[in-house]
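A closer look at the structure
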Amino acid sequence: MDDIQKIRDLKLEDGSYLWKARNYFLFMFNNMGINFIDLVQIKKSQFSQTEYDENGNLVAGRISYARNKTRGDFSIKLTKESLGILKHYNVKKKKANDYIFPFEFENSEKGMMRYQQHRKTVNGHIKKLAKLAGIDEEVTTYFARHSWATIGKRNNLPITLISEGLGHAEIKTTQIYLDSFDDDALDDANERITS
């Protein structure tokens with residue numbers, strides 16, 4: 001969570017590539033570690049229970065989508081941070097089939113090549129964010145997903161709940177995913193047990 005907060009706290013120029021990359025990263029983290037391929041395909045029609053303020057900003061709602069990899073269905077209540085991010089993307093003014101984020105995803109061979117280039121570019125910017133934040137780990141879009149799961153584990157959420165949130169078909173996958181507790185967490189646990 002400390003690394004996520006460091007990324008949140010960075011002072012970035014609005015509209016810059018780093019600012020946009022942070023928006024994508026934090027949106028993924030806030031929505032149960034949504035994969036980047038699912039993020040780029042979000043359309044206005046996937047929002048429900050929406051409420052807007054007098055300025056046209058989305059202030060409440062849910063996002064529903066089928067995970068690209070497993071086709072598992074998700075319906076996630078938008079967090080305060082997600083809503084803050086969405087204020088920059090004029091959700092209310094978009095048409096039902098408009099993409100929320102500026103990627104214009106196309107499910108074709110050419111479209112997938114363009115998507116992979118977008119992901120590579122965004123990951124490059126996220127790595128720069130990590131460096132600016134003083135984070136020594138390899139930080140990419142996937143880090144948002146892994147962080148969501150790891151923080152859930154550290155908060156003693158049931159592994160079945162974490163697994164469902166990640167959209168894993170089997171709990172075994174989630175267990176493998178979460179077996180990477182870092183030394184600091186284990187050292188802290190040992191300190192608390194032995195003191």
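In what follows, the structure referred to is the one given above.
The rules we used
Residues numbered from 1 in each chain as written. Predicted model: local features only at pLDDT ≥ 70, side-chain atom pairs only at ≥ 80, totals over all residues. Heavy atoms only, no water. Helix = DSSP H or I, 4+ residues; strand = E, 2+ residues; numbered from the N terminus. Rg over C-alpha atoms; globule rule 2.2 N^0.38 Å. Buried < 20%, exposed > 50% of the residue type's maximum accessible area, 1.4 Å probe, protein only. Contact = heavy atoms within 4.5 Å. Areas by Shrake-Rupley, 256 points an atom, 1.4 Å probe, with all protein chains shown as cover. Salt bridge = Lys/Arg side-chain N within 4 Å of Asp/Glu carboxyl O. Polar contact = N/O pair within 3.5 Å; in protein donor to acceptor, adjacent residues only side chain to side chain. Axes fitted to C-alpha atoms, helices over the stretch in contact; angles between N-to-C directions. Parallel < 35°, antiparallel > 145°, perpendicular 65-115°, else oblique. Nonpolar A, V, L, I, M, F, W, Y, C, P; charged D, E, K, R; others polar. Core = buried A, V, L, I, M, F, W, Y, C linked by side-chain atoms within 4.5 Å. Pairing = 2+ DSSP bridges.

What follows covers the overall build of the chain. Counting its regular elements, the chain contains 9 helices and 3 strands. For 195 residues, the compact-globule formula gives about 16 Å, and the C-alpha radius of gyration of the chain, at 18 Å, lands near that figure. With respect to the principal axes defined by its C-alpha atoms, the chain has extents near 60 × 40 × 35 Å. In the chain, buried positions account for 42% of the 195 residues. In the chain, the share of contacts with a sequence separation of at least 24, taken over all contacts with a separation of at least 6, comes to 55%. In the structure as shown, the chain presents an accessible area of about 11,600 Å², 48% of it carried by carbon and sulfur atoms.

With the rule as written, the count across this model stands at 4 salt bridges. Note that E81 and R8 form a salt bridge whose closest N and O atoms lie 2.9 Å from each other. Residue E81 is found in helix α4 (residues 80-86), and its partner R8 is found in helix α1 (residues 2-9); the two are separated by 73 residues along the sequence. For R8, a relative accessible area of 23% puts it in the partly exposed group. Residues K127 and E138 are paired through a salt bridge, measuring 3.0 Å at the closest nitrogen-oxygen approach. Taken together, the residues K127 in helix α5 (residues 109-133) and E138 in the loop between α5 and α6 (141-154) connect sequence positions 11 residues apart. Residue E138 is classed as exposed on the basis of its relative accessible area, which comes to 55%.

Looking at where S147 falls in the secondary structure, it is placed in helix α6. A distance of 2.7 Å separates a polar side-chain atom of S147 from the backbone oxygen of F143. If sequence neighbours within four positions are ignored, S147 has contacts with I4 and F29.

Once that is clear, we can look at unusual backbone geometry. At M32, a residue that is not glycine, the phi angle is positive and equals roughly 55°. Take M32: it is sitting in the loop between α2 (17-30) and α3 (36-39). The phi dihedral of E104 falls on the positive side, at around 50°, and the residue is not glycine. As for its placement among the helices and strands, E104 is situated in the loop between α4 and α5.

This part is about the packing of α2 against α5. Packing of α2 against α5 leaves a shortest axis separation of 9 Å and a crossing angle of 95°. In terms of axis orientation, α2 runs roughly perpendicular to α5. Residue-level contacts link Y17, L18, A21, R22, Y24 and F25 of α2 to V122, H125, I126, K128, L129 and L132 of α5. When the residues that make up the contact of α2 with α5 are grouped by side-chain class, the tally is 9 nonpolar, 1 polar and 2 charged.

A general trend in soluble globular proteins is that nonpolar side chains are found buried together. Ranked by size, the top nonpolar core spans 47 residues in total, and within it F25, F27, I42, F47, L86 and F101 carry the most contacts. Mapped onto this core, the elements with two or more residues apiece are α1, α2, α3, β2 (58-66), β3 (73-77), α4, α5 and α6. Among the elements that take part in this core, α2 stands out by supplying 9 residues, more than any other. Contact partners of F25, with chain neighbours within four places excluded, come to I4, I7, I126, V139, T140, F143 and A144.

Bringing the sheet that holds strand β1 (residues 47-52) into the picture now. Within a beta sheet, neighbouring strands are joined by backbone hydrogen bonds and run either parallel or antiparallel to one another. The strand order across the open sheet built from 3 strands is β1-β2-β3, with neighbouring strands paired in antiparallel fashion. The sheet is open, and its two borders are formed by β1 and β3, each paired with just one other strand. Averaged over neighbouring strand pairs, the angle between their axes works out to 10° when direction is ignored. As judged from the 4 bridges shared by β1 and β2, these two strands associate in the antiparallel manner. When the sheet's bridge partners are listed, S48 is paired in β2 with R62.

Keep in mind these values describe shape, not function.
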